[in-house]
Amino acid sequence: MIIKEYESETGLPKQTKSLCPECCKILDATVFDKDGVVMMEKECPEHGHFEDIYFSDTELYMRMESFAHDGVGVENPYNPNARECPTDCGLCQMHKSHTVLANLDLTNRCNLKCPICFANANASGYIVEPSFDEVVEMLATLRRNRPVPTPSVQFAGGEPTVYPYFFEAVQAAKELGFAQIQVATNGVLMAEREGFTQGMVDAGVHTVYLQFDGFDDEMYKEVRGRPMLDIKMRAIQSVRDAKPNMSICLVPTLINTVNDDIVGDIINFAIENVDVIHAVNFQPVAFTGRIDKTELAQKRFTLADLVNRSVEQTDYLKREHYFPVPSVSVLSELASVFQNDPKVAFTSHPHCGLATFIFVASDGTPIPINEFVDVPRLLEDVEKAAENIENAKIKSAAKVKLLKFKLQEGKYINKKRSPDGIGMAELLAAFYEEADKKALANFAWHSIMVGGMHFQDRYNYDIERVKRCVIHYAVPDGRIIPFCAYNSGPVFRDEIERKYAMSNEEYKRFREREEELMAERRRTGRLISPEVLASVPDALDKYVEDTYKD
């Protein structure tokens, strides 16, 4: 079992723990309904009263909460005796989800100077860049997670592509067994350096998380400090030209009154470029510094706003098409009990993220998944099927028979609306070995995930969300830290970066030493030591064995 019943208080009003935006002291907070909007309020003894929008649509908030599931956390936490979240993190025994996607900052250096960025050397005045051995050890730490070794890593920064050993880092992630290797990039080197994108493909990158805020260079000047539209278009074309294609996920940062009017345009753009773009992950802005109450209220953008804008600005999306991330955890549970092997469980907090799938027919028509699949009924029956299989402990052949009997295509699929023959075989391909992998690939490469992940800031911080975070940071001291704890919490990013900070002169000497070490690795052909590989048993596949055999 990898999921369980949701353990926190539900409904409104409710009590939680939050942070003071000024001093980061942990405070009691109340989440409540106010005229159809979910609000959070808290009181700091020193800095006074704070109130902010938590979720701008109470009805949608309650619907998302109905899909909540908790995970089982990690069996081998860094801190097994933590007392306080988030200050004792690393992960700890209180954390309720395993790492689904890990961020690994390769550098805080960047080739842009974005005014809204919280992680770059231009803003901090010092350089933070792990050694290659530290990168490898962070990757190995993630793969040692149990019961589910971290399956996906995203190299981030700063701008990760300026890391001097970027391609070697990607190759190391491949050798250590990551099933999904992503890069969060502004696209500058992809657009401007010939062969760079092909080098990403050759090294093993699967997905480019491309910073993409819209189609207006004036807006790019405001949020990124320079015109960027041409860069974005050339970066996308470079992926199209690479062989084989990588997948692109567009990542727009949304700010109310700044670029919230182009949600539909970005989704339509992704549909028009479905040959290379397979996801749009909108990110409502998180306010990393102080902001006055008037500006906060004006610019706050929540996931409910994303849903409503996408419905208003397209003629095919509806509010009921969106589901919170943990709704699909029942699919993970089915796969786990079916194959008797713990699988990735997307048990984030129900208000951290939401998404829908849009399939693009051969004539370019967008068809949301709900238009041909009865998603709520399917999720309900999948959960029942997982429970039945787990309780019956029946053999594999019987499991397949039971699954096909329980989840008959006619119950869920509207064949008249189904694009290009997509059916239950493709939808359920992950659950049994006899699955048609080509059909599954066809399913994936003709669909677009449209969703949003709302990372917290200190104004709307909810520690119950932190406890369930599935997107974590690996850091050089061996800890794994939830995203919002790392970037907005009372400790972590600032603490860790200052611990590893280098002046320009120190960085120059550091690079000289690194170059000597990397020259030796290139000479021997061994990027990863046998000792590190031996500590990650599931990395010792045929590729690694052939590479490192004596």
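Since the structure is predicted, the reported quantities are computational estimates derived from the model, not experimental observations.

**Focus on the confidence of the model for the protein**
Okay, step 1: Averaged over every residue, the pLDDT of the protein is 89; the share at 70 or more is 89%.
Okay, step 2: Counted against residues more than four places away or in other chains, residues 542-550, with its pLDDT under 50, gives 13 contacts.

**Observations regarding the packing of aromatic side chains**
Okay, step 1: In total, this model carries 16 aromatic pairs according to the counting rule given.
Okay, step 2: Between Y163 and Y165, the aromatic rings sit 5.8 Å apart at their centres with planes inclined by 90°, giving edge-to-face as the arrangement.
Okay, step 3: With 5.4 Å between their ring centres and 75° between their planes, F212 and F215 make a pair best called edge-to-face.
Okay, step 4: For F212, a relative accessible area of 0% corresponds to the buried category.

**Regarding the nonpolar core**
Okay, step 1: Membership of the largest hydrophobic core comes to 128 residues, with the highest contact counts inside it found for L139, F155 and L250.
Okay, step 2: Top contributing element to this core by residue count: helix α3 (residues 132-143), with seven residues.
Okay, step 3: L139 has contacts with L104, V153, F155, A169, A172, A173, L176 and F178, leaving out every residue within four places of it along the chain.
Okay, step 4: V330, L334, A385 and Y412 belong to the second largest nonpolar core, which has 24 residues in total.

**Points about the sheet that holds strand β5 (residues 48-55)**
Okay, step 1: Taking strand neighbours across the sheet as the criterion, the four strands line up as β2-β3-β4-β5 in an open arrangement whose pairing is antiparallel. The open sheet has two edge strands, β2 (14-19) and β5, and neither has a second partner. Along the sheet, successive strands turn relative to each other by an average axial angle of 35°, direction set aside.
Okay, step 2: Along the sheet face, helix α1 (residues 58-65) touches β2, β3 (26-34), β4 (37-44) and β5 and points at about 70° away from the line of β5.

**Describing the side chain of T161**
Okay, step 1: For T161, the position within the fold is in the loop between β8 (152-156) and α4 (166-175).
Okay, step 2: Exposure remark for T161: the relative accessible area of 5% places this residue in the buried category.
Okay, step 3: At 2.6 Å, the side chain of T161 and the side chain of E159 are in polar contact.
Okay, step 4: When neighbours within four sequence positions are excluded, T161 is seen to be in contact with F166, V183, T185, L189 and F196.

**Let's talk about the environment of G199**
Okay, step 1: When you line up the elements, G199 lands in helix α6 (residues 196-203).
Okay, step 2: Overall, G199 belongs to the buried group, its relative accessible area being 19%.

**Some details on the packing of α3 against α4**
Okay, step 1: For the pair α3 and α4, interaxial distance at closest approach is 10 Å and the crossing angle is 25°. Classified by the angle between their axes, α3 and α4 sit roughly parallel to one another. Judged by the sense of rotation from one axis to the other, the crossing of α3 with α4 is right-handed. Contacts between α3 and α4 involve F132, V135, V136 and L139 from the first element and E168, A169, A172 and A173 from the second.

**As for the pairing of strand β17 (residues 447-453)**
Okay, step 1: Within β17, seven of the seven residues are buried, which leaves it mostly tucked inside the rest of the structure.
Okay, step 2: What you see with β17 is no split at all: S447, M449, G451 and M453 on one side and I448, V450 and G452 on the other are buried throughout.
Okay, step 3: Two elements, strand β13 (residues 277-284) and β17, share four bridges in a ladder whose sense is parallel. Bridge pairing in β17 links V280 to V450.
Okay, step 4: Inspection of the sheet shows strand β15 (residues 353-360) paired to β17 by seven bridges, in the antiparallel sense. If you follow A355 over to β17, its bridge partner there is G451.

What counts, and at which threshold
The residue numbers shown here count from 1 along each chain, following its written sequence. Given that the model is predicted, a residue must reach a pLDDT of at least 70 before its local features are reported, and side-chain atom pairs must reach 80 or more before they are shown or counted; all residues, however, enter totals for whole chains, interfaces and linings. Side-chain measures here rest on the full set of heavy atoms in the structure, leaving out hydrogens and waters. Values of pLDDT, the confidence the predictor places in each residue, fall between 0 and 100. What makes two residues a contact is simply this: any of their non-hydrogen atoms within 4.5 Å. Each Phe, Tyr or Trp ring, with Trp reduced to its six-membered ring, pairs with another whose centre is within 6.5 Å; inter-plane angles below 30 degrees give stacked pairs, above 60 give edge-to-face pairs, and intermediate values give tilted ones. Burial classification: accessible surface area is computed with a 1.4 Å probe over protein chains only, and a residue below 20% of its type maximum counts as buried, one above 50% as exposed, and the rest as partly exposed. We call a set of buried residues a nonpolar core when its members are Ala, Val, Leu, Ile, Met, Phe, Trp, Tyr or Cys and they connect through side-chain atoms within 4.5 Å of each other. Numbering goes from the N terminus for both helices and strands, where a helix is a DSSP run of H or I of at least four residues and a strand is a run of E of at least two. Think of it this way: DSSP has to see at least two bridges between two strands before they count as a pair. All axes are obtained by fitting lines to C-alpha atoms, using only the stretch in contact for helices, and the reported angles, taken between N-to-C directions, cover 0 to 180 degrees. Here a polar contact is recorded for every N or O atom pair within 3.5 Å, except that within protein the pair must consist of a potential hydrogen donor and a potential acceptor, and residues adjacent in sequence are included only if both atoms are side-chain atoms. With respect to orientation, any angle under 35 degrees is reported as roughly parallel, any angle over 145 as roughly antiparallel, any angle of 65 to 115 as roughly perpendicular, and every other angle as oblique. Should the near helix be turned counterclockwise from the far one by less than a right angle, the crossing is left-handed, whereas a clockwise turn marks it as right-handed.

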